[in-house]
Amino acid sequence: MADKIDVALDRTQVKKAVQALQAFIKTKSTGESLFVDDSQQISLLLTLWKIPRQAQTIRIPLPHGQRTDTDEVCLFTRDEPNMTSEQTQRFYKKLLQERGVKNISEIIPYKVLRTEYKPYEAKRRLLGNFDMFLSDDRVRRLLPSHLGKHFYERKKEPLSVNLLSKHLARDIHSIIQGTVLKVTNKGSCCMVRIGHSAMSADELTENIEAAVKTVVTKLRMKGHVIKVIHVKSLTSVALPIYNSNLSHLGEKKQVTTDETPQKKRKAARKQAKKQQTETTKQTDAAEEKKVEEAEEEEIPQLVPIETPNKKPKLEVAKKKKQQQQQQLEKAPKAAAAKKGAKAQRKVTKTKMAGKTESKVKRRVPKVK
């Protein structure tokens, strides 16, 4: 693929669009108001040729700051060891004063955020009291669970700062006066703030040119990146300041025609590889068939196995059955013999009883 191509902006066209936006904002402001609404943001609407594969956040330093001195900035810091929350606040206030940082209006340690700003109403109040939030890069990953989704819906999530850097004042100034572009992988349009309506037309044009250059260099895409660029405010119509040419589409076709010999070589290589794979498959199939035929030929014949004779076992079983039957036949005879012996004993007992009775009768004396 081709490298990134710079976007050539027409400075006069950009300046005309900015002046038209400023005139529109002045006409919208009521005659009773004593000053123009400075809170009107002016932003760039970028339309890309393709939807990015990955989401990306791009920090854009601007030559002219877009925030006023009245903007409230809050800084989240980590909890210093062996210090209370008040001591940590004093420690970081002293550090910022020594480094020459004057844009921070309040410092909130991580422990205070967890305890005092735990209720939902406290989080909403914190969100409304400040225009921008910064955080120590050592605590940045711990903040989303304590801040809530409203910070991210309003695009006020804290930006990380290295508080241990030697050029702390320069870094914080560039972050506060700069801007951030969020490129999502869900669409081809993205918007970035580049100034406000109180700024001059020259300052806004310089900010627009710087923002477009940084976006083109930092986007993780190749070739023609930006399709259309518009300038708009919160209540105005989007005014176009750049339209990409369609000539690169024709260039792609010419490149494809020029690269036909290379494609032919690639196609020939692919066909050769396919032929090699087909030949290998055929040879493998032939070898498998040969192996199967050899196995079929070498199948041994089935030989009947001689089983041992079961006759002796059968004869033994028959003999056992005969002995059991003989025992059963003998058993009733013994029972009958026992019964006969019992009957003879009873007969002898009755005979003996009759004899004794006769003897007794004989002994009785006759009465005269």
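It should be emphasised that the depicted structure is a prediction, and the values quoted were computed from it without experimental measurement.

Description of unusual backbone geometry
Then, in step 1: In the Ramachandran plot, Asn 82 falls in the positive-phi region, its phi being about 60° despite a non-glycine side chain.
Then, in step 2: Among the structural elements, Asn 82 can be located in the loop between strand S3 (73-77) and helix H2 (85-99).
Then, in step 3: On the accessibility criterion, Asn 82 (81% relative accessible area) is exposed.
Then, in step 4: The phi dihedral of Lys 155 is positive, around 60°, even though this residue is not glycine.

Remarks on the packing of aromatic side chains
Then, in step 1: Under the criterion given, the structure shown has four aromatic pairs.
Then, in step 2: Consider the rings of Phe 91 and Tyr 92, whose centres lie 5.2 Å apart with planes at 80°: the pair is edge-to-face.
Then, in step 3: For Tyr 92, a relative accessible area of 3% corresponds to the buried category.
Then, in step 4: Both rings, one in Phe 133 and one in Phe 151, keep their centres 5.1 Å apart while their planes meet at 65°; by these two values the pair is edge-to-face. Placement of the pair is Phe 133 in strand S5 (residues 132-136) and Phe 151 in helix H6 (residues 150-153), with a sequence separation of 18 residues.
Then, in step 5: A relative accessible area of 1% places Phe 151 in the buried class.
Then, in step 6: Chaining the aromatic ring pairs together yields one cluster made of Phe 76, Phe 130, Phe 133 and Phe 151.

Quick notes on the rules
Residues numbered from 1 in each chain as written. Predicted model: local features only at pLDDT ≥ 70, side-chain atom pairs only at ≥ 80, totals over all residues. Heavy atoms only, no water. Helix = DSSP H or I, 4+ residues; strand = E, 2+ residues; numbered from the N terminus. Buried < 20%, exposed > 50% of the residue type's maximum accessible area, 1.4 Å probe, protein only. Phe/Tyr/Trp six-rings, centres within 6.5 Å; stacked < 30°, edge-to-face > 60°.

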